[in-house]
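# Structural features, examined
Listed below, chain by chain, are the residues.
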Amino acid sequence: MRITFPACEKPMNDVRPESATAKRPAEVMKKLVALCKSRGFVFQSSEIYGGLKSAYDYGPLGAELKRNLMGEWWRDMVTTRENVVGIDASIIMHPDVWRASGHAAGFSDPLVDCKISKERFRADKAPRPAVGSELPITCPDKGVAKDWADQIRKQFGVELERDGNVLRGLRAISATEFGFFARAANAPEKTWPWRGYVSPLFGSPFLSEERQFNLMFRTALGAVDPMQEVSTILSELTAQGDLNAAVRARFPGEAADAEHMISKALRDNDRGRLLRSVIETITLPTMAYLRPETAQAMFVQFKNVLDSQGLKPPFGIAQMGKSFRNEVTVEHFIFRSCEFEQMEMEFFCEPGTQREWMSYWKEQRMNWWQRYANYKEDFRFRQHGKDEMAFYADDCYDVEYKYPWGWGELEGIASRTDYDLSQHEKHSGVTLQYVDQEKAGPDGKKPWKYKPFVIEPAAGATRALLCFLIDAYHEEERRTASGEVEIRTVLKLHPRLAPIKCAVLPLVRKDGMPEKAREIIGQMLKAGINAKYDEKHAIGKRYARHDEIGTPWCVTIDGQTLLDGTVTLRDRDTTQQVRILIAEVVATIRARLDA
C-alpha cells in the first residue's frame, strides 16, 4: 500500500512521499490478490472444483495486461531492432533436445551436483580414482581456483594448496572416504565420506547425494496409450519367479548393453530400479516433454534462422511463450508456478565481444523495466557469484524487484559462452557455426569459422505482470467535498500496459448521451484503442471502478456535450479534468499513449 497526497495538493507523479515506502504493509499482497479476482485479472484455475495448486487463469483484464506487457517487450526487443528476429517454436520438441541440454538426464539415471562448481552429472559416468591417489580439482582458470578455494575453506574448513588453476591436498583414503592432507603429511587432517567418484569436468569430490530428478512434465505422442503395454508386460514379468531372468529374456539386447539402464539395474540387482527401467524402455519411443524453457529452440533453430535470413553476428533470436517446470516450489501467488510464460532472447556475438554486449544488454533491459514503473528505485542488478553461475558461464546478472516479501528475480542476463551451440552440435552431428568470409581467425587465415558466444536476457512474463501490479497498487487518502476522509484505490499502470486505455461514460442514460458515447467508442475501437463503454451506477462510482482497474483516462458525455460538442477528459492519476472537442478525443488519447 502506498499512501499519497491528495491530487489537488501534490500529484503523485511529481513527488514520492516519505511515508509511501513505510506504508507498504505485508497485506498489500492480500489486497492485490482480492482485487485480481474481483476485477477479473487473475483467477484460481479450476476454482469450482477446489482449484489446482500453482495453476492460474488470466481473466479479461489479466489477459489484456499480459498481452500488452509481452507486446511491449516484443516491440522493444524485436520490432524496433534490425538485428533481432523472432520465432515461435513448438512447446513439444524432440526428446534429444533436452538430453543435449541436460534437462532430461535425470529421468533414467540418478544425478549428482558438485557443491563447488554446480556441475550436474550422471553418477554412473563419473571417474573413479584409485584408492590412495591424489584428488586434484582442476579449475577453469586461476581466478576461479581462488574463488573455489575460498568456498572450500568456508564450507569444509580446509585450505587447499593452489597450483595455478589446480587445487591440491585431497586424497582418496578408501572407496568410501577421502581426506585433506597438508603438504608432506602422512595422516589426514580432516576426512569426509564419499561414494568413490569425482565430478567429470573438474574432479571435485565435494558432491551432493544421488537424486532422481523429475524436472519436466512428460507426455506421450501417439493415439495409443503406452501404459496399456506397460501394464501387460509388467504383469507377465512379475508373474515369473525370477524377475531378473524374465527381464533378460524379454529385453536381451538391452540386458547385454552395459550402458543401458536395464543392464545397470540387473548388475546392481536393484528390483525397484529394474522395474522403473523396464517402464522407461517401453515408453521411450513415444515419450516427449513439455519444454522447461523457451531458450533451447533458439539454439536448435540457429542454423535455419542464420541461413534463411542472411544474418551475421551480432544478431539475436527472440521468443515468447509458455514453459513448464515441475521442480519449482510454488509461492507468492503467480510469482512462482509450474506453468509460466517467458520472454527470452539469445544474442549471438563474436567470441571476445561478450563483455561489451553484456554491458549493452544490461543497460537496455534495466531501462525497459524502469520505463513502465512508478518507482525506478525498486529495481536493481545483482551479479551472480562464482559459486552461483553455471560452470560454462563467464558472467551473469539478475534484474531484481523489491517485492513486499523482499528482493526477487525478474530477469536473468547471462553470458553463456558457446556452450549451448556446442552441446547441440555434439549431440545432433550438425555443424552450428558462423563462417565469416571477411575476417581472419586466430590462425590468421580467412575465413574465420567460429561458434558465436551468447548473451541471454531471459525475463518472466508472469513475474513481470505481478511486479507491475504491485508497483501500480496505491491507496490514496483523500477528502470529500464534505470534509470526510476516504480511501481511493487506484492502479497506476503505465498507459501502454493498462488493459483498458479509455472508458467512455454517459453522465445519464438519456437525452442522447448514450448514443453519443457509442459513437466515440466506435471511433476509438476503429483506431485500435481498447476502450470500454460504461453506464452502470453513478458517475463517481464509475470513476472509482476504472481507477481500480488502471484505466488511464475517462471521457464523460454530459449536457454540455450536446450543446458544443465537447467532452470532459479525466486523468486517472491526478483526477484532473479538461474539456476537449469530440473530434480531438481519438488523437488526444493516441498522442498520450505514444508519449
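For clarity, every value in this text was computed on a predicted model and none was experimentally measured.

### A look at the overall build of the chain
- Of regular secondary structure, the chain possesses 19 helices and 29 strands.
- Based on the C-alpha atoms only, the size of the chain along its principal axes is roughly 95 × 60 × 55 Å.
- Taken over 595 residues, the chain has a buried fraction of 50%.
- Summarising the internal contacts of the chain: among those between residues at least 6 apart in sequence, 63% fall at separations of at least 24.
- Looking at the chain as shown, the accessible area adds up to about 28,200 Å², and 50% of this sits on carbon and sulfur atoms.
- With 84 positive and 84 negative side-chain charges, the chain shows a spacing of 2 Å between the two charge centroids.

### Here's the deal with the sheet that holds strand β8 (residues 161–163)
- Strand order in the open sheet made by the three strands is β7-β9-β8, with antiparallel pairing throughout. Each edge of the open sheet is held by one strand with a lone partner, namely β7 (137–138) and β8.
- In the sheet, β7 pairs with strand β9 (residues 166–168) via two bridges, with the strands oriented antiparallel. When the sheet's bridge partners are listed, Thr138 is paired in β9 with Val166.

### Notes on the packing of aromatic side chains
- For the structure on display, the rule yields 37 aromatic pairs.
- Members of the aromatic cluster, each reached through a chain of ring pairs, are Phe335, Trp368, Trp369, Tyr372, Phe379, Tyr401, Tyr403, Trp405 and Phe468.
- Over the face of the ring belonging to Phe181 we find Arg171, whose NZ or CZ atom lies 4.2 Å from the ring centre.

### Section: the side chain of Lys501
- Within the secondary structure layout, Lys501 lies in the loop between β24 (485–491) and β25 (502–506).
- Buried within the structure, Lys501 lacks any salt-bridge partner; its nearest side chain of opposite charge belongs to Glu72, at an N-O separation of 6.9 Å.
- At 2.9 Å, the side chain of Lys501 and the backbone oxygen of Arg496 are in polar contact.
- Once residues lying within four places of it in the same chain are set aside, the contact partners of Lys501 are Asn68, Pro495, Arg496, Ile529, Asn530, Thr551, Pro552, Trp553 and Leu593.

### Quick notes on the confidence of the model for the chain
- Within the chain, residue pLDDT values average 89, and 94% of them lie at 70 or more.
- Below pLDDT 50 for its whole length, residues 1–25 participates in 55 contacts with residues either more than four positions away or in separate chains.

### Focus: helix α7 (residues 243–250)
- Every buried residue of α7 is listed here: Leu243, Asn244, Ala246 and Val247. Looking down the long axis of α7, one finds its buried residues gathered within 165 degrees of arc, a one-sided arrangement.
- The inward-facing, buried residues of α7 contact α6 (226–238), α9 (261–268) and α10 (271–283).

Reading the values: the criteria
- Residues numbered from 1 in each chain as written.
- Predicted model: local features only at pLDDT ≥ 70, side-chain atom pairs only at ≥ 80, totals over all residues.
- Heavy atoms only, no water.
- Helix = DSSP H or I, 4+ residues; strand = E, 2+ residues; numbered from the N terminus.
- Buried < 20%, exposed > 50% of the residue type's maximum accessible area, 1.4 Å probe, protein only.
- Contact = heavy atoms within 4.5 Å.
- Areas by Shrake-Rupley, 256 points an atom, 1.4 Å probe, with all protein chains shown as cover.
- Lys, Arg positive; Asp, Glu negative; His and termini not counted.
- Charge placed at Lys NZ, Arg CZ, Asp CG, Glu CD.
- Pairing = 2+ DSSP bridges.
- Phe/Tyr/Trp six-rings, centres within 6.5 Å; stacked < 30°, edge-to-face > 60°.
- Lys NZ or Arg CZ within 6 Å of the ring centre and 35° of its normal.
- Salt bridge = Lys/Arg side-chain N within 4 Å of Asp/Glu carboxyl O.
- Polar contact = N/O pair within 3.5 Å; in protein donor to acceptor, adjacent residues only side chain to side chain.
- pLDDT = per-residue confidence, 0-100.
- Arc of directions from axis to C-beta.

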